[in-house]
Amino acid sequence: MNIEALRQSLRNSEAGAATFPQVVQTLIAAHCEGYYKDLAARTVTFYLSDGATHTETLSIPTPPIPDTFYEAALIAAIRAAQCDEVRYPEFIVRAIHAGTAAYRVFITGHRVVYIGRQGDLHVEHFPQAKP
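Residues numbered from 1 in each chain as written. Predicted model: local features only at pLDDT ≥ 70, side-chain atom pairs only at ≥ 80, totals over all residues. Heavy atoms only, no water.

(A) Looking closely at the pattern of salt bridges. Evaluated as defined, the whole model comprises 7 salt bridges. The salt bridge involving R11 is made with E14; its shortest N-O contact spans 2.8 Å. With R11 and E14 both in helix α1 (residues 3-14) and 3 residues apart, the pair spans about one turn of that helix. On the basis of relative accessible area, R11 is assigned to the partly exposed category, the value being 31%. Salt-bridge contacts for R79 lead to E124; the nearest nitrogen and oxygen are separated by 2.6 Å. Linking R79 in helix α3 (residues 71-82) with E124 in strand β6 (residues 121-125), this pair joins segments that are 45 residues apart in sequence. Among the charged side chains, a network of salt bridges with common partners joins R7, R11, E14 and E56. (Salt bridge = Lys/Arg side-chain N within 4 Å of Asp/Glu carboxyl O. Helix = DSSP H or I, 4+ residues; strand = E, 2+ residues; numbered from the N terminus. Buried < 20%, exposed > 50% of the residue type's maximum accessible area, 1.4 Å probe, protein only.)

(B) The environment of D67, seen in detail. Looking at the secondary structure, you find D67 in the loop between β3 (53-57) and α3. Sequence separation of D67 and Q118 is 51 residues, and the distance between their C-alpha atoms is 6.9 Å. The residues contacting D67, other than those within four sequence positions of it, are R117 and Q118. Within the local environment of D67, its side chain forms a polar contact with the side chain of R117, the two groups lying 3.0 Å apart. (Contact = heavy atoms within 4.5 Å. Polar contact = N/O pair within 3.5 Å; in protein donor to acceptor, adjacent residues only side chain to side chain.)

(C) Here's a closer look at the packing of α1 against helix α2 (residues 20-29). Their axes nearest at 9 Å, the elements α1 and α2 cross at an angle of 175 degrees. Overall, the two elements α1 and α2 adopt an arrangement that is roughly antiparallel. Of the residues in α2, those touching α1 at A5, L6, S9 and S13 are V23, T26 and L27. Residue classes in the contact of α1 with α2 are distributed as 4 nonpolar, 3 polar and no charged. (Axes fitted to C-alpha atoms, helices over the stretch in contact; angles between N-to-C directions. Parallel < 35°, antiparallel > 145°, perpendicular 65-115°, else oblique. Nonpolar A, V, L, I, M, F, W, Y, C, P; charged D, E, K, R; others polar.)

(D) Local environment of the environment of A52. Looking at the element boundaries, A52 is found in the loop between β2 (43-48) and β3. Distance in space between the C-alpha atoms of A52 and A81 is 29 Å, their sequence separation being 29 residues. Once residues within four sequence positions are removed from consideration, A52 is found in contact with M1, F46 and Y47.

(E) Structural view of the environment of A81. Topologically, A81 is positioned in helix α3. In the structure, A81 is positioned 61 residues away from F20 in sequence and 7.9 Å away in space, judged by C-alpha atoms. When neighbours within four sequence positions are excluded, A81 is seen to be in contact with V86 and F91.

Listed below in structure tokens is the structure:
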């Protein structure tokens, strides 16, 4: 397990120094098949292809998570990130304001599942992997 590669990927993301596709490529090289960000607990757990996991604490501040899930606002934040109009620090604030409490990135499944506090879900397929 290359913990340093996982940490560096997280820090680059949190600093806004890497786009989502760049983060994904770094994680693929580290044999990571996905990760889960619990925004309430402020943690990220990486899932590796050999079944191992590794958890890190998020270092960027996060606003309180609203009870209501605003899917349209989340989609707008996702689209802004996909066009590189915003990077992770602003994206995560927008996603949280939209009611995102957690999300699971399935690198090998080419999708992200966003979860609200009341169990609301939004599934976003990677742009090149639309169903």
